[in-house]
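Letter by letter, the chains look like this.
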Amino acid sequence: NAMAKIAKRNGMNLFEFRNYLLQKGKFESFKHQLKADLEKRKLVETLNVRVYENDVKDFYNQHKSEFMLPSVMSVIEYNSQNKQSLENIIQNPLANEPNVKTQKITLDINKTNPAMLAFLDKVQVGHFSPIVPLNGFSTFYVESKGKKEALPFKMVAGKIYNQLMNQKAQEA
């Protein structure tokens with residue numbers, strides 16, 4: 001199942017990912033886009049469009065700035081089964097919410113899911129992320145971000161490959 005694979009890449013199970021999309025009001029549009037993407041992939045296969053490893057490496061080297069993220073981030077994860085408790089913490093970080101667990105985490109660019117890094121990179125230092133369905137619900141307080149560097153090639157090669165395949169399919 002394609003949606004389950006996408007959920008896994010984003011550190012969620014299918015149920016959590018579906019709930020996240022429903023919560024954002026994007027489930028139906030995501031489902032239609034995924035179906036269109038799968039149909040396009042089948043069409044590309046029938047057109048016999050090819051992208052070679054050198055094409056992917058060249059694109060990466062020419063567009064490294066698109067893959068820049070902090071080399072390290074220090075965050076505090078706030079996790080709860082109760083979304084309202086997290087909303088209370090965001091409004092008042094000193095609030096006493098007994099059902100909220102906290103955990104200080106250091107995220108390394110070489111060991112962390114790029115989607116998670118990109119998500120947290122959009123959050124300013126000293127602020128909370130939006131609440132996401134992750135082991136119940138989670139929000140992340142961003143304490144610090146390191147110097148930006150390019151994601152390792154192996155972490156983005158699949159994304160680049162898909163982008164180049166789509167480009168070539170549209171040209172065909």
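Rules and cut-offs
- For every chain, the first residue of the written sequence is number 1, and numbering continues from 1 along that sequence.
- Only residues with pLDDT of 70 or above have their local features reported here, since the model is predicted, and side-chain atom pairs are shown and tallied only from 80 upward, although totals for entire chains, interfaces and linings are computed over all residues.
- Side-chain metrics in this entry use all non-hydrogen atoms of the structure; hydrogen atoms and water are not considered.
- Only DSSP runs of H or I covering at least 4 residues are called helices, and only runs of E covering at least 2 are called strands; the numbering of each starts at the N terminus.
- Only protein chains enter the calculation, and the probe is 1.4 Å; a residue is then buried if its accessible area is under 20% of its type maximum, exposed if over 50%, and partly exposed in between.
- A contact between two residues is defined here by any heavy atoms of the two lying within 4.5 Å.
- We get accessible surface area from the Shrake-Rupley algorithm with a probe of 1.4 Å; when it comes to residues, only the shown protein chains can shield them.
- In summary, the charge assignment counts Lys and Arg as positive and Asp and Glu as negative, without counting His or the chain termini.
- Every charge is mapped to an atom, namely NZ of Lys, CZ of Arg, CG of Asp or CD of Glu.
- Our arc is simply the arc of the directions from the helix axis toward the C-beta atoms.
- For this analysis, a polar contact is any N or O atom pair within 3.5 Å, provided that within protein one partner can donate a hydrogen and the other can accept it, and provided that sequence-adjacent residues contribute only side-chain to side-chain pairs.
- Note on method: axes are straight lines fitted to C-alpha atoms, helices fitted across the in-contact stretch only, with angles between N-to-C directions ranging 0 to 180 degrees.
- Roughly parallel here means an angle under 35 degrees, roughly antiparallel means over 145, roughly perpendicular means 65 to 115, and every remaining angle is called oblique.
- Each residue gets one of three labels, nonpolar for Ala, Val, Leu, Ile, Met, Phe, Trp, Tyr, Cys and Pro, charged for Asp, Glu, Lys and Arg, and polar for the others, Gly among them.
- Two strands qualify as a pair provided DSSP detects at least 2 bridges between them.

Overview of the overall build of the protein chain
Broken down by element type, the protein chain carries 7 helices and 5 strands. N-terminal to C-terminal, the α/β element order of the protein chain is α-α-α-α-β-β-α-β-α-β-β-α. Along the longest, intermediate and shortest principal axes, the C-alpha atoms of the protein chain span 60 × 35 × 20 Å. Going through the 172 residues of the protein chain one by one, you find that 34% of them count as buried. Of all intrachain contacts in the protein chain linking residues separated by at least 6 positions in sequence, the fraction that spans at least 24 positions is 70%. On the protein chain, roughly 11000 Å² of surface is accessible, and the fraction owed to carbon and sulfur atoms is 51%. Each charge sign in the protein chain was given a centre, from 25 positive and 17 negative side chains, and these centres are 2 Å apart.

Quick notes on helix H5 (residues 83-91)
Think of an α-helix as turning once every 3.6 residues; residues three or four places apart then point the same way. Every buried residue of H5 is listed here: Ser-85, Leu-86 and Ile-89. Each buried residue of H5 lies within a common arc of 100 degrees when the element is viewed along its axis, so the set occupies one face. Close packing links the buried residues of H5 with strand E2 (72-80) and strand E4 (137-145). By the N-cap criterion, in which a side-chain oxygen at the helix start approaches the backbone nitrogen of a residue two or three places on, H5 is capped by Asn-82, the distance to Gln-84 being 2.8 Å.

So, the packing of helix H4 (residues 53-62) against helix H7 (residues 153-171)
Here H4 crosses H7 at 105 degrees, and the two axes come no closer than 9 Å. With respect to H7, the axis of H4 lies roughly perpendicular. The residues of H7 that touch H4, namely those facing Asp-55, Val-56, Lys-57, Phe-59 and Tyr-60, are Phe-153, Val-156, Ala-157, Ile-160, Tyr-161, Gln-163, Leu-164 and Lys-168. Class assignment for the residues of the contact of H4 with H7 results in 9 nonpolar, 1 polar and 3 charged.

Section: the pairing of E2
When you tally the buried positions in E2, you get 8 out of 9 residues, the bulk of the element. Across 8 bridges, the pairing between E2 and E4 is antiparallel. Note on E4: the bridge partner recorded for Asn-79 is Ser-138.

Structural notes on unusual backbone geometry
Despite not being glycine, Asn-135 shows a phi value in the positive range, around 50 degrees. One can find Asn-135 in the loop between helix H6 (114-121) and E4. Judged by relative accessible area, which is 51%, Asn-135 ranks as exposed.

Quick look at the side chain of Ser-80
By the secondary structure assignment, Ser-80 is in strand E2. With a relative accessible area of 1%, Ser-80 lands in the buried category. Side-chain polar atoms of Ser-80 contact the backbone nitrogen of Asn-82, separated by 2.9 Å. If near-sequence neighbours (up to four positions away) are discounted, Ser-80 is found in contact with Ser-85, Leu-86, Asn-99, Val-100, Gly-136 and Phe-137.

Section: the environment of Tyr-20
Considering the arrangement of structural elements, one finds Tyr-20 in helix H2 (residues 14-24). Taking the relative accessible area as the measure of exposure, Tyr-20 reaches 18% and is therefore buried. Look past the residues within four positions of Tyr-20 in its chain and what remains in contact with it is Met-12, Val-132 and Pro-133.

Some details on the sheet that holds E2
The antiparallel open sheet is built from 3 strands, whose spatial order is E3-E2-E4. Each end of this open sheet is capped by a strand with a single partner; those strands are strand E3 (101-108) and E4. Averaged over all adjacent pairs, the angle separating strand axes in this sheet is 25 degrees, with direction ignored. Docked against the sheet, H6 engages E2, E3 and E4, running at close to 70 degrees with respect to E4.

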